[in-house]
Amino acid sequence: MKILRSFASMLGNLFDRVFPSNYEPSRAARLSHAVSWSSLSSLGNSSIVKLTVIVPILGTILVFNESVASFLRLAQGYLADIGVAETQQNEYSLRQLYFLYFGLSAVGIGSLIFGLLCPTMVKKHPDALDHVTATELDKSPVIAKSNFEYVLNRYFQLHSEEGDPSPGSNMEYPFELRVSFENLIREMFNAMPPDDLIATEDSSQTGFEYSEFYTAAGYPNISNIARMVWSNPKVIWAFTQPFRGLAIQFSRDVAFVHYSSLDYSKSVARLCVAAMYVVGFTLLAIPTLTTFLRLLWNLLF
């Protein structure tokens, strides 16, 4: 029952994420957003699902062993009750065994990929808020700065220096994550002392102008600010070094964006895991569904 609840929960999360009401990204981006590592962890962290890893390796020995096959073979009286002719009973039992084998194998392959490629942080804390609250980041300035460095590198790995998404980047950097990143940079910029911003402008030495911090409408230019902090040229250290130091003050917010960046990493692996789970549990459900329908038909008619 626990596995069924986990599978139902995962499908519910997939539906809510694939069909959001607030924006319209591409289908691929919506699908990638739906199958984050954290949404897959409800099944991936299950002890029973983890055991299916042995099926692709030892499945032939275990499932198709004569003793095991004999044990799993359905009783002839039961097969007759659901309308299976005597001459087809062995074939029917073997077909059910095939569904069991291939279903468990698919789930096992998905579990193996999840175990190998899911980021340890997400595997340990399937919820971002749990991770942020469980870690005493305010006492770890080195970790906070390291997390912020990763957040910057990840953003510009998937975006141009102007902040435009690279082709296909929505698969690993969905809209919500980009909003979280921009909000983080905005809040950190607003926390900067005005004197540090003014001190940065020294056109005779750096060629930098104060107006680069803002758009024509007077709002903080998040792309420019993030690019300056990420590239960190020595000539504007008067701005970038204090800004990077704010990672300690905003350690929990940085940790949230850092976690989310990991949560949506390795999109191909995530989609493979999701596909294996869906195929595997569908194959496992077929024998149950066909048996149920046969039995219901024979009871009613």
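Here is what the cut-offs are and how they apply
- Residues numbered from 1 in each chain as written.
- Predicted model: local features only at pLDDT ≥ 70, side-chain atom pairs only at ≥ 80, totals over all residues.
- Heavy atoms only, no water.
- Helix = DSSP H or I, 4+ residues; strand = E, 2+ residues; numbered from the N terminus.
- Buried < 20%, exposed > 50% of the residue type's maximum accessible area, 1.4 Å probe, protein only.
- Contact = heavy atoms within 4.5 Å.
- Salt bridge = Lys/Arg side-chain N within 4 Å of Asp/Glu carboxyl O.
- Expected span 1.5 Å × (residues − 1).
- Core = buried A, V, L, I, M, F, W, Y, C linked by side-chain atoms within 4.5 Å.
- Axes fitted to C-alpha atoms, helices over the stretch in contact; angles between N-to-C directions.
- Parallel < 35°, antiparallel > 145°, perpendicular 65-115°, else oblique.
- Left-handed = near helix turned anticlockwise from the far one by under 90°.
- Nonpolar A, V, L, I, M, F, W, Y, C, P; charged D, E, K, R; others polar.
- Polar contact = N/O pair within 3.5 Å; in protein donor to acceptor, adjacent residues only side chain to side chain.
- Patch = residues over 30% accessible without salt bridge, like charges linked within 9 Å, V, L, I, M, F, W, Y side chains within 5 Å.
- Areas by Shrake-Rupley, 256 points an atom, 1.4 Å probe, with all protein chains shown as cover.
- 1 Å grid on protein atoms, 1.4 Å probe; cavity = no way out; pocket = protein on both sides within 12 Å on 5 of 7 lines; lining within 4 Å.
- Points joined across faces, edges and corners; volume = space filled by probe spheres on them.
- Phe/Tyr/Trp six-rings, centres within 6.5 Å; stacked < 30°, edge-to-face > 60°.

K.L.:
What's the story with the overall build of the protein chain in this structure? I'm lost.
P.N.:
In terms of regular secondary structure, the protein chain is built from 18 helices and zero strands. Within the span of the protein chain, comprising 301 residues, buried residues form 40% of the whole. Once local pairs closer than 6 in sequence are excluded, the contacts in the protein chain between residues at least 24 apart make up 74%.

K.L.:
How do you make sense of the pattern of salt bridges when you look at a structure like this?
P.N.:
Between side chains of opposite charge, a pair can form as their charged atoms come close. This structure, assessed with the given rule, holds three salt bridges. Among the ionic pairs, R244 bridges to E149, the shortest N-O distance being 2.4 Å. Taken as a pair, R244 in helix 16 (residues 237-249) and E149 in helix 11 (residues 141-157) lie far apart in primary sequence, 95 residues in all. With a relative accessible area of 29%, E149 lands in the partly exposed category. R154 is the partner of E172 in a salt bridge, and the nearest nitrogen-oxygen pair spans 2.3 Å.

K.L.:
Where do I start with helix 3 (residues 37-44) in this structure?
P.N.:
In terms of residue burial, helix 3 counts as a mostly covered element, since seven of its eight residues are buried. Taken together, the buried positions of helix 3 are W37, S38, S39, L40, S41, L43 and G44.

K.L.:
I tried to follow helix 17 (residues 251-263) on my own but got confused; where do I start?
P.N.:
In an α-helix, one turn spans 3.6 residues, which is why side chains three or four residues apart end up on the same side. With 13 residues, helix 17 ought to run about 18 Å at 1.5 Å a step, and its terminal C-alpha atoms sit 18 Å apart, in line with that. Burial within helix 17 is extensive, with 10 of its 13 residues counted as buried. Those residues of helix 17 lying buried are S251, V254, A255, V257, H258, Y259, S260, S261, L262 and D263.

K.L.:
What is the right way to read unusual backbone geometry from this model?
P.N.:
Glycine aside, residues mostly have negative phi, and peptide bonds are mostly found in the trans state. Phi angles above zero are rare outside glycine, and N232 is one such case at about 50°. Tracing the sequence through the fold places N232 in the loop between helix 15 (222-231) and helix 16. Within the chain, K266 stands out as a residue other than glycine whose phi angle is a positive 55°. Position of K266 among the secondary structure elements: in the loop between helix 17 and helix 18 (267-300). Judged by relative accessible area, which is 40%, K266 ranks as partly exposed.

K.L.:
Mind showing me how you'd approach the nonpolar core here?
P.N.:
Generally speaking, nonpolar side chains in soluble globular proteins are found buried as a group. Counting residues in each nonpolar core, the largest one holds 29 residues, and the members touching the most others are F148, F181, I185, I225, F239 and F243. Those elements that provide at least two residues to this core are helix 11, helix 12 (175-190), helix 15, helix 16 and helix 17. Residue contributions to this core peak at six residues, all from helix 12. In this structure, I185 is in contact with F148, L152, I222, I225, A226 and F243, ignoring residues within four places of it in sequence. Counting residues in each nonpolar core, the second largest holds 17 residues, with V35, L40, A274 and Y277 among its members.

K.L.:
I would appreciate a short explanation of the packing of helix 11 against helix 16 in the present structure.
P.N.:
The relative placement of two packed helices is expressed as an angle between their axes plus a distance between the axes. Put simply, helix 11 and helix 16 touch, their axes get as near as 8 Å, and they point 120° apart. In terms of orientation, helix 11 and helix 16 fall into the oblique class. In terms of crossing hand, the pair formed by helix 11 and helix 16 is right-handed. Along its contact with helix 11, which presents P141, A144, K145, F148, E149 and L152, the element helix 16 presents F243, R244, A247 and I248. Residue composition of the contact of helix 11 with helix 16, by class: seven nonpolar, no polar and three charged.

K.L.:
What am I meant to see in the side chain of S39 here?
P.N.:
Following the sequence through the fold, S39 ends up in helix 3. On the accessibility criterion, S39 (4% relative accessible area) is buried. Among the polar contacts listed, one links the side chain of S39 to the backbone oxygen of S36, at a separation of 2.7 Å.

K.L.:
Help me out: how do you make sense of a nonpolar patch on the surface in this one?
P.N.:
On the surface, L289, F292, L293, L296 and L300 cluster together into a nonpolar patch covering about 510 Å² of accessible area. In this structure, L296 sits in helix 18.

K.L.:
Help me out: how do you make sense of the layout of surface pockets in this one?
P.N.:
Space left empty within the atom packing is revealed by a probe, the size of a water molecule, rolled over the atoms. For the second largest pocket, the calculated volume is near 220 Å³. Along the walls of the second largest pocket sit 15 residues, with A128, F256, S260, D263 and Y264 positioned nearest its centre. Listing elements by their share of the lining of the second largest pocket, those giving two or more residues are helix 10 (128-134), helix 12 and helix 17. At four residues, the largest contribution of residues to the lining of the second largest pocket is made by helix 17. Here the residues of the lining of the second largest pocket sort into seven nonpolar, four polar and four charged.

K.L.:
Explain the packing of aromatic side chains here, please?
P.N.:
The way to describe two aromatic rings as a pair is by their centre distance and the angle between their planes. For the structure shown, the criterion picks out 11 aromatic pairs. Seen in terms of ring centroids, Y155 and Y173 are 5.7 Å apart; in terms of plane orientation they differ by 75°. Their pairing is edge-to-face. Residue Y155 is located in helix 11, and its partner Y173 is located in the loop between helix 11 and helix 12; the two are separated by 18 residues in the primary sequence. Of the two residues, Y155 and Y173, both sit in the buried class. Here F156 and W230 contribute two aromatic rings whose centre-to-centre distance is 4.5 Å and whose plane-to-plane angle is 15°, an arrangement assigned as stacked. Taken together, the residues span a long stretch of sequence, with F156 in helix 11 and W230 in helix 15 at a distance of 74 residues. Classification of F156 by relative accessible area gives buried; the value is 7%. What links up through ring pairs into an aromatic cluster is the set F148, F189, F213, Y214, F239 and F243.

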